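Residue strings, one per chain:
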Amino acid sequence: MSYNWCYTWDMDVDQYNLGAFIDANKQTTGTKWALYETYPFSEETESLRRVIQDNIGDINYMGVWDYHEGFVDDLGPHVDKADDIAVFFCPRGELTVTMHDKETKEVLDTKVLNNTNAMSLYHTEFMHDIQGVGDLVVFGVNVDENYFLHT
């Protein structure tokens with residue numbers, strides 16, 4: 001069987017006001033901040049969560065990571081250990097999501113994420129990393145592995 005490493009689609013992310021939601025709810029520690037939610041989720045993300053649930057699957061969590069200028073992701077290219085897929089949005093800035101060869105870490109493909117698109121990533125199967133400057137909004141979503149099967 002052959003699987004897609006990700007799916008991307010056009011989306012007007014601005015309509016969900018994620019930037020304002022992030023600014024009002026982030027927890028700051030020094031120069032870093034983070035935001036993480038599980039059920040019950042914030043009312044402000046209900047319309048976006050409904051779109052995800054209606055089209056992809058049930059949501060386990062929502063997290064936001066601040067990819068600020070000078071940020072270095074200590075994980076580097078990695079494969080996540082989780083029971084869900086990651087659905088990504090970047091309401092501010094621009095991030096590059098890169099797929100790597102698991103053995104050599106050679107770059108195999110890249111996708112740009114910004115406020116005009118969204119992505120679902122098979123982060124538990126494919127080696128990946130993310131670079132750039134922006135807010136990365138991640139929803140952990142339950143789906144069957146067949147979601148990523150080549151069709």
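This text follows the structure it describes.
All of the points below concern the structure found in this document.

Turning our attention to the pattern of salt bridges. Using the criterion set out here, one finds 5 salt bridges in the structure. A salt bridge links D135 to R92, with the nearest nitrogen and oxygen atoms 2.7 Å apart. Highlighted residues: D135 in strand β9 (residues 127-141) and R92 in the loop between β5 (85-89) and β6 (93-100), separated in sequence by 43 residues. Owing to a relative accessible area of 6%, D135 belongs among the buried residues under this scheme. Of the residues examined, R92 reaches a relative accessible area of 31% and is grouped as partly exposed. Between E125 and K102 there is a salt bridge, with the nearest N and O atoms lying 3.7 Å from each other.

By the element assignment, E94 lies in strand β6. When its relative accessible area of 45% is taken as the criterion, E94 is described as partly exposed. When the C-alpha atoms of E94 and Y7 are compared, they prove to be 17 Å apart, with 87 residues separating the residues in sequence. Once residues lying within four places of it in the same chain are set aside, the contact partners of E94 are V112, L113, N114, Q131, G132, V133 and G134. Here the side chain of E94 touches N114 through a polar contact of 3.5 Å, side chain to side chain.

It helps to recall that an α-helix has 3.6 residues per turn; residues three or four apart then point in one direction. When helix α1 (residues 18-25) is considered as a whole, its buried residues turn out to be L18, G19, F21 and I22. All buried residues of α1 fall inside an arc of 165° around its axis, so they share one side. Among the exposed residues of α1, those pointing more than 90 degrees away from its buried face are A20 and A24.

So, about the side chain of H100. Position of H100 among the secondary structure elements: in strand β6. Those residues in contact with H100, other than ones at most four positions away along the chain, are P77, K105, E106, V107, L108, M127, H128 and D129.

The subject of this paragraph is the nonpolar core. With 41 residues, the main nonpolar core has F88, F89 and F139 as its most contacted residues. Of all the elements in the fold, those that place two or more residues in this core are α1, α2 (46-55), β4 (59-67), β5, β6, β8 (117-121) and β9. Per-element accounting of this core gives the leading share, 6 residues, to β9. Not counting residues within four places of it along the chain, the set of residues in contact with F89 comprises M11, V13, L18, L48, I52, L113, A118, D135, L136, V137 and F139.

The rules we used
Residues numbered from 1 in each chain as written. Predicted model: local features only at pLDDT ≥ 70, side-chain atom pairs only at ≥ 80, totals over all residues. Heavy atoms only, no water. Salt bridge = Lys/Arg side-chain N within 4 Å of Asp/Glu carboxyl O. Helix = DSSP H or I, 4+ residues; strand = E, 2+ residues; numbered from the N terminus. Buried < 20%, exposed > 50% of the residue type's maximum accessible area, 1.4 Å probe, protein only. Contact = heavy atoms within 4.5 Å. Polar contact = N/O pair within 3.5 Å; in protein donor to acceptor, adjacent residues only side chain to side chain. Arc of directions from axis to C-beta. Core = buried A, V, L, I, M, F, W, Y, C linked by side-chain atoms within 4.5 Å.

Interpretation note: all reported values are geometric properties and have no functional meaning in isolation.
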